[in-house]
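So you can see what is in the structure, the chains are spelled out below.
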Amino acid sequence: MSAQGRRAQLPDLGYTSPGRHEPLGNNRFRVVFHPERGGRPTTFDLSDLPVTEAMCEWLTAALAKGTGPSGSARTLASARTLLGAARSFARYLDSADRSPATPAQLHGTHWDQYVLAQRVSNRRTQVINLRSLLRHGSDVPDDFAARMHRTQISSSNQKFQAYSAAEFTRITAAAKSHVRECVHRIHGGRALLARWRAGEIDRDLDKHGWERGWLLDHIDRHDQVPRYSNGSRHNLSTAHGGTAALFAELYPTPQDVAAAAALLICLTGHNLSAIATLPARHHRPDGDAGASRTAIVETIKPRRGRHHAHQSIALHEAAASAPARLDLSSAYAVYQVVHDICGPVRARAETEVLFAYFTPKNGMLFLPGLRRNVLGEWAQARGVLGDTVDETGQPAPLRLDSRRLRMNWLEQHQQPVAHTEQTLANDYLARHRGNLAEYQQIVAATLDEQVTEARRTSVMRSLTEKQIEHARADPGAVAAQVGLTASVLTDLLGGRLDTVVAGCVDNTHSPHAPAGQPCTASFLLCLSCPCARATPQHLPVIAEVHDRLQHKAKEMTPLRWAQRFAGPVAQLADVMSRYPDTVIEEARTHVSEEQRTLVARFLARNLDIR
């Protein structure tokens, strides 16, 4: 049973785990990797490592454990990273003056020399990768292990900025244009194939269309173009554009899926790794009942750790669109388009990953996912231009970086994506903001707007210490002075009308509820309600709420804090300013544990009626 209450999926009766590593067999230097999300296994051959057999067996065993069910490598990319670490370490050992023949001969100096042998720009990455690999190694010598775990190389903290608004618009427009062209091309090829199979194309009247339909039919049935008996390609294949062009009429190319992936990043703000591994299987909570449509997909983010790696991504439709129009304005619409055009390739590649493409390299292959560096290749081939100019004064080609696209989305929407608001504020926006001055102006304007609105709205009234002392002797006079009846004033001072930050003197005549009905508004609205009265006995809670809201500024983006809490903080500060500073400080020191719990529940909205 999982932490979410789901039953574990058990293998069928008679299941045997696939062979991964045979340390005593003929292929003792080979490791077969099976991706966690499914897909074709990949074989890693370490027999060519330039080290002794004992060292090669040790590195192979570490790789087998690191890429196994209990290992840290869950994706093909992370498995290849561990393989690269093994090869890098083997090359260093081969170049050492006294290359150790067995793992037991490794010393701390070997680790230090390996670290120094790496390029400065790549040293930290290589150290982390090799440490991840050898963590799964057996019988690592103590001296070597101590040096390995003690080595710390600080990050260069390379900052990257979001694209300008004009660049982001050009990237999005280019991606949409490419996806539309791809969809029209593939749908056109499918329609032609369907007409040919239905006998609707006359060979004499439309020879070109008939030949093209015949070629597409052969490709769809046999996954290759027609060939003569001697193995050479049919002349008609060349006459109609060649193998790649014909396959592209039925299946997406690497450039096609790259454009779709770039567009999904622009629309969702997710990392490229999350987008590239989106599954084709999804859930439709709306049931396609006619409202705004949503697809929920389950993804894995391995670097979050074993217990937090799984996450659900909701891909929403912006608004219901005309069925005759190809809508690419929402993440849901793009997901469905990719799901459709990649379907035949997924079936041939035997994968559940959303993205799949064909490539004519090494024959004709149907592959899942995205090719490495394909986003940059797509932008260059598409001719997407940046804001900078080259030496001739012409706009220079734009270098597409998925991290910068993600930054654009985060800056525009000010919402965390697969991380906390604190991470968004401190790790993404604070250190990598492209136009800090402009952002500060927006935050300042929002703060001014919220504070002005809060002060314009009627602020709840309060009673002073002097009024309360007078009320003990003459409650009727004080009640008339503050506009209350004597009985209501007595209940207010007795705490029988308390909400959270005040007491409510007329619960059935609130401006936030129909006349005569009890008020069900959030207690935060008491700060601007004419029915609310604050007394000195409320000051500990008022000060606690004020301070906690101020502290929330460290946990979220400045703009979002200004939008949500600048107004209430200004109203709380206004109430507190009516009392001497010494009284406020004393109230801060007398906050009870019960009051702290009340404030925590209040700010978590656990007291709201929903």
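What counts and how
- Residues numbered from 1 in each chain as written.
- Predicted model: local features only at pLDDT ≥ 70, side-chain atom pairs only at ≥ 80, totals over all residues.
- Heavy atoms only, no water.
- Helix = DSSP H or I, 4+ residues; strand = E, 2+ residues; numbered from the N terminus.
- Buried < 20%, exposed > 50% of the residue type's maximum accessible area, 1.4 Å probe, protein only.
- Areas by Shrake-Rupley, 256 points an atom, 1.4 Å probe, with all protein chains shown as cover.
- Polar contact = N/O pair within 3.5 Å; in protein donor to acceptor, adjacent residues only side chain to side chain.
- Contact = heavy atoms within 4.5 Å.
- Core = buried A, V, L, I, M, F, W, Y, C linked by side-chain atoms within 4.5 Å.
- Pairing = 2+ DSSP bridges.
- Axes fitted to C-alpha atoms, helices over the stretch in contact; angles between N-to-C directions.
- Parallel < 35°, antiparallel > 145°, perpendicular 65-115°, else oblique.
- Nonpolar A, V, L, I, M, F, W, Y, C, P; charged D, E, K, R; others polar.

Student: Mind showing me how you'd approach the overall build of the chain here?
Tutor: Looking only at helices and strands, one finds 24 helices and 11 strands in the chain. The buried share of the chain, reckoned over its 610 residues, is 42%. When the accessible surface of the chain is split by element, carbon and sulfur atoms take 50% of a total near 32,800 Å².

Student: How should the side chain of histidine 110 be read in this particular structure?
Tutor: In this structure, histidine 110 sits in helix α3 (residues 108-117). A distance of 2.9 Å separates a polar side-chain atom of histidine 110 from the backbone nitrogen of histidine 107. Those residues in contact with histidine 110 that lie beyond four places of it in its chain are Tyr92, Arg98, Pro100, Gln105 and Phe144.

Student: How do you make sense of the nonpolar core when you look at a structure like this?
Tutor: One broad trend across soluble globular proteins is that nonpolar side chains are buried collectively. Ile171, Val179, Phe355, Leu375, Trp378, Leu400 and Leu405 are the most contacted members of the largest nonpolar core, which has 45 residues in total. Elements with a contribution of two residues or more to this core: α6 (165-197), α10 (254-268), β3 (294-300), β4 (310-316), α12 (331-341) and α14 (374-382). Judged by nonpolar contacts, the second largest core, of 37 residues, contains Leu63, Phe89, Leu106 and Leu134.

Student: What is the right way to look at the environment of arginine 180 in this model?
Tutor: On the secondary structure map, arginine 180 appears in helix α6. Classification of arginine 180 by relative accessible area gives partly exposed; the value is 27%. Taking C-alpha positions, arginine 180 is 9.5 Å from valine 337, a pair spaced 157 residues apart along the chain.

Student: How should I be thinking about the sheet that holds strand β11 (residues 532-534) in this particular structure?
Tutor: Adjacent strands of a sheet form backbone hydrogen bonds with each other and so pair up, either parallel or antiparallel. Strand order in the open sheet formed by 3 strands is β9-β11-β10, with mixed pairing between adjacent strands. Two strands close off the open sheet at either side, each with one partner strand: β9 (461-462) and β10 (503-504). In terms of strand pairing, β9 meets β11 through 2 bridges, oriented parallel. Following the sheet pairing, arginine 461 is matched in β11 by arginine 533.

Student: I would appreciate a short explanation of the packing of α3 against helix α4 (residues 123-134) in the present structure.
Tutor: The axes of two packed helices give the description: the angle between them and the distance between them. At a closest axis distance of 9 Å, the pairing of α3 and α4 adopts a crossing angle of 140°. As summarised for this structure, α3 and α4 are arranged oblique, according to the angle between their axes. Between α3 and α4, the contacting residues are Trp111, Tyr114, Val115 and Leu116 on the first element and Arg123, Gln126, Val127, Leu130 and Arg131 on the second. A breakdown of the residues in the contact of α3 with α4 according to their chemical character gives 6 nonpolar, 1 polar and 2 charged.

Worth remembering: the numbers are spatial, not functional.
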